Structures are given as structure tokens and as C-alpha cells.
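Residue-level structure breakdown
Chain by chain, the residues:
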Amino acid sequence: MSHRLNLLSPELRANPYPFYAELRRSAPVCQVDPGGLWALSRYDDVAFALKNTELFSAQGGRVAVLPAWLDRNPMADSLLLMDPPAHTKTRALVSRAFSTRVIPRIEPVLRAVTREFVERLTPGRELDFHAELAMPIPAAAIADLLGLDPALRAHFQRWTADFVATAAATPEMRPGIRATIVDLERYLLEVIAARRAAPRDDLVSDLLAARVDGVALTEPELVSFLFLLLAAGFESTTHLLNAALVLLMDHPDVYARIRADRALIPAFLEEALRFEPPAQIALRQAKADVEIRGVTVPAGAFVAALIGSANRDERVFPDPDRFDIDRERQVGLSFGHGAHFCIGAALARAEAKAGLEVLASLPGRFERTGRAPEWNLSLLLRGLKECWVRYVL
């Protein structure tokens, strides 16, 4: 197998794990496409790159979310692309508003969305689980958190799908993506202005009020965080829920166990995150020459930390390609590691748990319809564009 893999090739998008395994075996530090990225595939190396902000800059992410053809992008001021000390200050501000109050606030909304889904189910019905539950759960949660108009939920799918496709966009897609970013930024600025004038009980108002040592978030930082929440928070949870349903259909014994005992749902969720992480890659940039496993990654090089590969590293997870909710060690790197550990991890888990509780409580089950899966096109996130299933009793 050639080691100059293309991370966006259809074969790898469909099933990256055999390719990752070969990299771990024979070329754990090597260059891949697109763009000659330096890929790290073993758990210890990925964790090292994610944790060591002195050697690996998070601004490496600009290669994915700020391609040259994009004139400007509000994500430029986001936590995702910051290094300490700026990252430390901004994260403290966002954390103050984002932490303890978030989960209780969204629980009634999640219950309402799942109840609507159950009411639409009839035996024998074919449905796109992606459109009918996997997407509405995070859309409703984020709309409620930000105090956005619930009628705008339908726009979230187009906005976020366009945004996460930025890195892999064809020339034909680029005008639409530019227009989407302008639309979304204009809308978020309107929301921020409205909350400045009349604060409400929502996350935008909390973020406007947050202070660390008397310092508030700047408007570009606030817009960037809202972009990040919409893009990363919405898209990744949708992919996780789709993956969870596919895993349940592929492992009927596990499905039977969580239906019999919903206390197993958190263990199922952690193994699903390890086995099929929505965030497959984190991008960094080497600040200096770095030697890893005898290979020198040159200063300035862009590094692809392969989270999806690290989570299947046989040195850390015995029999890593087996889905096992009883695994002694389940926690992979799906939410990152170190200073950039995902600030929305608890929110994503709460949303996914709500979806899984519904799947565990239904009298019937889901089965595949035979439609070929179609994968999204994104360097960082991997997931299904649709998830067609049939509900049967």
C-alpha cells in the first residue's frame, strides 16, 4: 500500500480504519494528501501533539478552516485556532458561561424533540434517521441555548454542512460557501446586538456578561465561538447519533442489552465515541523541527493528528476493531486532549444520551434499507450525509 494516502479519497472516507492500521504498523509518521500533511497515527504521538502547545500550534487548523480562496472567516478568532495564553483567557471566559447551566437548560427541549420523533414512528416506515432525529436533537439544543428562533433550525443543516465542507470544497461549491458564511455572520451579529440591548436567559447573554479579571469577550471572539458551537457542536453530535444507530443495528446483542438496562447507555456511548469518532483529525502546525519515532517533522509543517487512528491503536486498546461496551479502557481522544479538550463534551454526551434513551425505549427496532451509505466531505469530521432505516416491530 502506498503511504501517500489521500485522507479525502472515497475509499478512505468509506472506511478509514484499515488504512490507519497500516500507517500505525509501517509508517506511523509520514506525509499524506491533501497537501502533504504530516500524519501521526499512533495514540501516544497523537496525544503528544495535542497536549504539547509549545511545539504544535493550534493555528495549524487554519489550513482546514481558512483556505486561501476564503477571503475572511469569523472562525479566525475561535478557541479552536488559539494557543496559550490567548486560548487560556478566552476559554476561561467561555467556560464561565458554558458550564454548569447548560445541561439542565436543554433537557426539556431534548425530551420534546425525542417525543415528536416517537410520535411519527409507524411499523414498516422508512425514514432518514439523520434528518428526523440525529440532526434535530443538536439543532434544537443549540437553538435553545442561544435563544435563536426555533424556525431557523432548518437553516442550521445547510449552514453547518457548507461550513464543515470548506476544506474540501470544489471550485463550484465556493461561492455558495462564501454566501453561507456572510449570511450566518450577519445573523449572529443581529442576535448579539439584540442581546446587548435586552439580555435574556440564554447563552449569548451569559457570554456578553462574562468577565475574567474585568475583561469581556470581544465581538469577533464572540462571533467565532458561536460559529464554532454551531459548526462543531451541531455537526459532530449529528454524526455521533447516526454512528450510534448503525452500531446498534450491527450489534443486535448490544442493542438488546441496552434495551434491558439503560444504565449501560453511558458505556455504549464512550465505546461509540472511541470506535467511530466524528472528529477524525486535529490539525496542528510544528513550531520547530520535531523528531518523532526517528522522523523529523520540519518547522512550519502542518500536522494531521489522526484521532480516528489513535482510538484504534492496539497498543492501548486490545482488539481495537471489536466494538465492546465492557472494555476496561474506553476513553479515547475523541474530544481532544490537553488545553483544547472539547469545551462542549458534556453537552454532546447529554444530547447523544437523549437520543439513545429513545432508541432503547422503543417497542420496535431499526434495520437497514439497503441504500448505499454516502459520507460527508470534510477533512476534520466524518459522518453520514443520510441514514436511511426501516422501523419494524
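Heads up: these notes are all about the structure in this document. (Residues numbered from 1 in each chain as written. Predicted model: local features only at pLDDT ≥ 70, side-chain atom pairs only at ≥ 80, totals over all residues. Heavy atoms only, no water.)

Looking now at the nonpolar core. In terms of nonpolar packing, the biggest core is built from 93 residues, with Phe129, Phe156, Leu203, Leu207, Phe268, Leu359 and Phe366 touching the most fellow members. Take this core: its biggest share by element is 18 residues, from helix H12 (residues 219–250). With near-sequence residues (within four places) excluded, Leu203 lies in contact with Ala97, Phe98, Arg105, Leu145, Leu146, Phe225 and Leu229. Judged by nonpolar contacts, the second largest core, of 22 residues, contains Ala49, Val290, Val303 and Ala305. (Core = buried A, V, L, I, M, F, W, Y, C linked by side-chain atoms within 4.5 Å. Buried < 20%, exposed > 50% of the residue type's maximum accessible area, 1.4 Å probe, protein only. Helix = DSSP H or I, 4+ residues; strand = E, 2+ residues; numbered from the N terminus. Contact = heavy atoms within 4.5 Å.)

Our next topic: the packing of aromatic side chains. One pass over the full model with this rule turns up 10 aromatic pairs. Here a set of aromatic residues connected by ring pairs shows up, and it is made of Phe117, Phe129, Phe366 and Tyr391. Residue placement shows Arg312 over the ring face of Tyr17; its charged tip is 3.6 Å from the ring centre. The ring of Trp375 carries Arg382 above its face, with NZ or CZ at 3.8 Å from the centroid. (Phe/Tyr/Trp six-rings, centres within 6.5 Å; stacked < 30°, edge-to-face > 60°. Lys NZ or Arg CZ within 6 Å of the ring centre and 35° of its normal.)

With omega at 5°, the peptide bond leading from Asp33 into Pro34 counts as cis. Here Pro34 shows up in the loop between strand E1 (29–32) and strand E2 (37–40). In this structure, the amide linkage connecting Pro84 to the following residue, Pro85, adopts the cis form with an omega of 5°. Here Pro85 shows up in the loop between helix H4 (62–65) and helix H5 (86–98). With a phi angle near 55°, Asp213 is a residue other than glycine that sits in the positive phi range. By secondary structure assignment, the location of Asp213 is in the loop between helix H11 (203–209) and H12. In this structure Asp213 comes out as exposed when scored by relative accessible area, which is 79%. Phi at Arg293 takes a positive value of approximately 50°, unusual for a residue other than glycine.

H12 packs onto H5 with a crossing angle of 65° between their chain directions and a minimal axis gap of 12 Å. The crossing of H5 and H12 is right-handed. Together, Lys89, Thr90, Val94 and Phe98 of H5 and Glu221, Phe225 and Leu229 of H12 make up the contact between the two elements. Its residues placed into classes, the contact of H5 with H12 shows 4 nonpolar, 1 polar and 2 charged. (Axes fitted to C-alpha atoms, helices over the stretch in contact; angles between N-to-C directions. Left-handed = near helix turned anticlockwise from the far one by under 90°. Nonpolar A, V, L, I, M, F, W, Y, C, P; charged D, E, K, R; others polar.)

Attention shifts here to the layout of surface pockets. Roughly 590 Å³ of internal volume is contained in the largest pocket. With 7 residues, the single largest contributor to the lining of the largest pocket is H12. Residue composition of the lining of the largest pocket, grouped by class: 17 nonpolar, 7 polar and 10 charged. (1 Å grid on protein atoms, 1.4 Å probe; cavity = no way out; pocket = protein on both sides within 12 Å on 5 of 7 lines; lining within 4 Å. Points joined across faces, edges and corners; volume = space filled by probe spheres on them.)

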